Amino acid sequence: MGQLFIDGAWTTAVDGGRREIRSPADGHLVAEVDEAGAKDTELAIAAARRAFDDHRWSSVPAPERGALLLRVADLLQRDKARLARAETDDTGKRVAESEIDMDDITNCFRWFGHLASTDDGRLVDTGIAAARSKVVHEPVGVCGLITPWNYPLLQTAWKVAPALGAGCSFVLKPSELTPHTAIILMELLAEAGVPDGVANLVLGAGATAGAPLSTDPRVDMVSFTGGLVTGRRIMESAAPTVKKVALELGGKNPFVLFADADHETAVDNALTAIFLHSGQVCSAGARLVVEESAHDRIVDDLVARARRIRLGGPDDPETETGPLISAAHRDKVEAYVAAGVAEGAVLRCGGERPTDPKLQNGYFYPPTILDRCTQDMSVVHDESFGPVLTVETFTDLDDAVRIANDTEYGLAGAVFSADHGTCEEVAARLRHGTIWINDFGPYVPAAEWGGFGHSGVGRELGRAGFAEYQEPKHIWTNTRPGPTGWFPSSRDTERSGAGPIDSAGSGS
Ligand code: NAD
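Per an unreviewed UniProt entry, the chain goes by Betaine-aldehyde dehydrogenase and derives from Actinomycetospora succinea. In UniProt, the chain has this text filed under Pathway (unreviewed entry): "Amine and polyamine biosynthesis; betaine biosynthesis via choline pathway; betaine from betaine aldehyde: step 1/1." In the Sequence similarities (unreviewed entry) part of its UniProt record, the chain is described as follows: "Belongs to the aldehyde dehydrogenase family."

Caption draft 1: Fine view of the layout of surface pockets. Empty space within the largest pocket amounts to approximately 1,100 Å³. As for the largest pocket, its lining consists of 43 residues, and the residues nearest its centre are Trp149, Phe224, Gly226, Gly227 and Thr230. Those elements that provide at least two residues to the lining of the largest pocket are helix H7 (206-210), strand E10 (221-225), helix H9 (228-238) and helix H12 (327-342). Ranked by residues supplied to the lining of the largest pocket, first place goes to H9 with seven residues. Taken together, the residues of the lining of the largest pocket break down into 19 nonpolar, 15 polar and nine charged. When its volume is computed, the second largest pocket comes out at roughly 610 Å³. Along its surface, the second largest pocket is lined by 25 residues, and Tyr151, Leu276, Val281, Gly441 and Tyr443 are the ones closest to its centre. Counting residues per element, the ones that place at least two in the lining of the second largest pocket are helix H4 (95-117), helix H5 (152-166) and helix H10 (263-275). Among the elements that make up the lining of the second largest pocket, the one with the highest residue count is H4 (four residues). Its residues placed into classes, the lining of the second largest pocket shows 14 nonpolar, six polar and five charged.

Caption draft 2: Structural detail: the sheet that holds strand E15 (residues 368-371). Ordered by their spatial adjacency, seven strands build an open sheet running E14-E15-E16-E13-E12-E17-E18, and the pairing between neighbours is mixed. Each having just a single partner strand, strand E14 (346-349) and strand E18 (434-437) make up the two edges of the open sheet. Strand-to-strand, the axes of this sheet are offset by a mean angle of 20 degrees, without reference to chain direction. Where E14 and E15 come together, three bridges link them in antiparallel fashion. Counted as the bridge partner of Cys349 is Ile369 from E15. Of the strands in this sheet, strand E12 (254-257), strand E13 (287-291), E14, E15 and strand E16 (388-394) are in contact with helix H11 (residues 295-308), which crosses E14 at around 50 degrees.

So, how was this worked out
Residues numbered from 1 in each chain as written. Predicted model: local features only at pLDDT ≥ 70, side-chain atom pairs only at ≥ 80, totals over all residues. Heavy atoms only, no water. UniProt positions renumbered as here; feature names shortened; annotations may be inferred. 1 Å grid on protein atoms, 1.4 Å probe; cavity = no way out; pocket = protein on both sides within 12 Å on 5 of 7 lines; lining within 4 Å. Points joined across faces, edges and corners; volume = space filled by probe spheres on them. Helix = DSSP H or I, 4+ residues; strand = E, 2+ residues; numbered from the N terminus. Nonpolar A, V, L, I, M, F, W, Y, C, P; charged D, E, K, R; others polar. Pairing = 2+ DSSP bridges. Axes fitted to C-alpha atoms, helices over the stretch in contact; angles between N-to-C directions. Contact = heavy atoms within 4.5 Å.

Right, dumping it as structure tokens:
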């Protein structure tokens, strides 16, 4: 039995490809999985297309589709421990963190389950007594769903739940580094009663297994979460077939801190904002933008606390944060830190691989703080996606907003101040998709998630995240049909002596 799931059956890759999955925490072999190529993805697309075109899922009444999502939520809770362990094995994050993710995923399925159950379109008041107008929501069709490695099943759930709720069929391609929870999800979808061919899974590299999802004309929509460079490529390759494209890309998120904010709260939140999951969070607060007068005390305390964060593998009870996902990713983070120092940033802590013998087989990198940064440094404007905090200072509110908005991205940002007016004004002026006031990180499935600028196109979660998977269709009914009277009728033209146009129009 293979691990690709196509047309309701577990199958191996056509050309027999396999890939080793190794723990980023200690390099042990987690498992070997099937590695799809383009041919496998094309088979999966064909299955999804057949399933969509024969309406086996889209014709299921919306309340039943919603009920199925609620069943999936129950199964996710039943198998929470197994799922959390699989997520931890692939990512190296602590089991407790994976368990939180599984609860979030369950809530996501529940929320879309309820939304799908109640989605019955809307009547439009035309202002014309004889006309009835209704907008109904139809599924977009076959969706290609491409997801990253940092929150593997969570990012998958944000796509799979609304896609199924809307009545779409799909081909999912998770990150080649973290496939296991997607495999388990396919088992659970089948157990919950998703018809064969509606939910398909291919595992493998982006350029081979992933690419057909943005080029194949049988795919109606591609929904992608990942890096900006890949997102641009996907958008370009989707253009010839004019697919709907939804992109959730990176962020370079400002944490704006005014001097009047509660000190302990601000330091603690700033620390968590960047060092949770070793900074491998799209909404990480990677840029501290702090009022100059508070700079010294804030940064000194951040440095002291960052130095105490304990790195380790997921099974070490002392661990506070885990490894980076791969050797290549650690090299990238390291290069950004080196570039920042070369460009004039002051390294306050971290910046060197740990020497602890226990950590030598994993891709660990310590919490790193670069002080006295400026926006022209690559470590400030590019997404390093690691445990690297850059510090910039501001003098007044306008300056704070200018610095916080000086990014090509626009995913998330936070403002901390004791003055509510200050918070409201900064929140109103930040050009980012999510703003936290005196908080950092929380989200709920009912509220939209996504970015301004180069952080993406479209939204996930919320009603807009459901609408991504729907085509609105307007149905107009004239209850008292009759001639339009726009052009002269045959009777009118006979009376006025007109000839040839009338005889052509009469069809005789
Ligand atoms: P990535 O762009 O390298 O890969 C993401 C996915 O795309 C993977 O499944 C990969 O195999 C696939 N892929 C790569 N090339 C492809 C191609 N040509 N065609 C089709 N698929 C292709 O990103 P990553 O390193 O896995 O994830 C980290 C990135 O994800 C960060 O930039 C992070 O900010 C972003 N992210 C964004 C959000 C958000 O909500 N905005 C959430 C999580 C992660």
